[in-house]
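This is what each chain is made of:
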Amino acid sequence: MLFFALCHPAPAQVAILQIQVTGGEGAVHSPGSRDSRGIAVVVTDETGRPVEGAAVSFHLPDQGPSGAFVNGLHTEVAVTDDRGRAAVHSIEFNRVPGRFEIRIVASKEQARAGTVSFQYIAGTSPSGTAAADVKGGGHHRKKKWMIVAAVAGAGAAGGVLALTRSGAAQASAESTTTLTIGPPSITVGKP
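Residues numbered from 1 in each chain as written. Predicted model: local features only at pLDDT ≥ 70, side-chain atom pairs only at ≥ 80, totals over all residues. Heavy atoms only, no water.

Q: What exactly am I supposed to notice about the environment of E101 here?
A: Within the secondary structure layout, E101 lies in strand β10 (residues 98-108). Each C-alpha atom, one on E101 and one on G26, is 9.7 Å from the other, the two residues being 75 residues apart in sequence. In this view, E101 contacts H59, P61, V116, S117 and F118; residues no more than four positions away in its chain are not counted. (Helix = DSSP H or I, 4+ residues; strand = E, 2+ residues; numbered from the N terminus. Contact = heavy atoms within 4.5 Å.)

Q: Please explain the nonpolar core as it appears in this structure.
A: Across soluble globular proteins, you tend to see nonpolar side chains buried next to one another. In terms of nonpolar packing, the biggest core is built from 24 residues, with L17, V41, V43, V56, F58 and I104 touching the most fellow members. Elements with a contribution of two residues or more to this core: β1 (17-23), β4 (39-45), β5 (55-59), β8 (85-88), β9 (91-93), β10 and β11 (111-121). In terms of residue count, β10 provides more of this core than any other element does, four residues in total. Residues within four places of I104 in sequence aside, it is in contact with I19, V21, I39, V41, V56, S57, F58, A113, G114, T115 and S117. (Core = buried A, V, L, I, M, F, W, Y, C linked by side-chain atoms within 4.5 Å. Buried < 20%, exposed > 50% of the residue type's maximum accessible area, 1.4 Å probe, protein only.)

Q: Is there a simple way to think about the sheet that holds strand β7 (residues 75-79) in this case?
A: Picture the strands of a sheet paired through backbone hydrogen bonds; they go either parallel or antiparallel. The five strands lie next to each other as β2-β11-β10-β5-β7, forming an open sheet whose pairing is mixed. Two strands lie at the open edges of the sheet, namely β2 (28-29) and β7, each paired on one side alone. Looking at chain direction, β5 and β7 are connected through five bridges and run antiparallel. What sits directly across from S57, in β7, is V77. (Pairing = 2+ DSSP bridges.)

Q: How should the packing of aromatic side chains be read in this particular structure?
A: The geometry of two aromatic rings is summed up by the distance between their centres and the angle between their planes. Going through the model one piece at a time under the given rule, you end up with one aromatic pair. The side chain of R99 reaches across the aromatic face of F118, ending 4.1 Å from its centre. (Phe/Tyr/Trp six-rings, centres within 6.5 Å; stacked < 30°, edge-to-face > 60°. Lys NZ or Arg CZ within 6 Å of the ring centre and 35° of its normal.)

Q: What should I look at first to understand the confidence of the model for the protein in this one?
A: Low pLDDT marks stretches whose predicted atomic positions should not be read closely. Summarising the model, the protein shows a mean pLDDT of 73, and 58% of its residues fall at 70 or more. Predicted confidence is poor over residues 1-6, with pLDDT under 50, and the contacts of this stretch with residues over four places away or in other chains come to zero contacts. pLDDT under 50 marks residues 125-187. Its contacts with residues more than four places away, or in other chains, come to 39 contacts. (pLDDT = per-residue confidence, 0-100.)

Q: I would appreciate a short explanation of the pattern of salt bridges in the present structure.
A: When charged atoms on two side chains of opposite charge get close, those side chains can pair. Scanning the entire structure with this criterion turns up four salt bridges. Here R37 ties to D35 by a salt bridge, and the two come within 3.0 Å at their closest N and O atoms. By relative accessible area, which is 58% here, R37 ends up exposed. When the shortest N-O distance is used, the salt bridge between R49 and D45 registers 3.2 Å. A relative accessible area of 53% means that R49 is categorised as exposed. Residue classification places D45 among the buried residues on the basis of a relative accessible area of 7%. (Salt bridge = Lys/Arg side-chain N within 4 Å of Asp/Glu carboxyl O.)

Q: I would appreciate a short explanation of the environment of R37 in the present structure.
A: When you line up the elements, R37 lands in the loop between β3 (34-35) and β4. One polar contact links R37 to D35, side chain to side chain, over a distance of 3.0 Å. (Polar contact = N/O pair within 3.5 Å; in protein donor to acceptor, adjacent residues only side chain to side chain.)

Here's what the structure looks like:
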């Protein structure tokens, strides 16, 4: 028995785990949709070798922009394969627009590691920008600002025309017109 122990040393215990998100990071989902792509990670040890058999838990927020896994809960657990990969699929998202984080925790023996992955549910945010802007939709952002500039210009022109027609006597600090198009606000009126 002692000879067996000397010839076949016990596998080394994992000291440090590292998690890398390999799928799903930054994804934008439609409200109420189901995403079968899910989220995937790779778990490695301190030397970069894949860790097989690590338990990886994925936690969705309990409120706000979020969803539920196929089990109907906000938490799902997967076990890494021989390449250190683990994934959860089929997340059903709620209808609350905005950014949310998925907390990911991996553990094996005494080693633990954690990270977060950010995802989004599309919709109009309180500031009036579409969630598509989250992905860096420069074309949409440029078009939006061109429309804002046109509306602001038309509003300013209308205000000047109204002040000119009504006469200087009616133009006072009390009749200042404020046109607000998100931050910053534009004020048209007597200086």
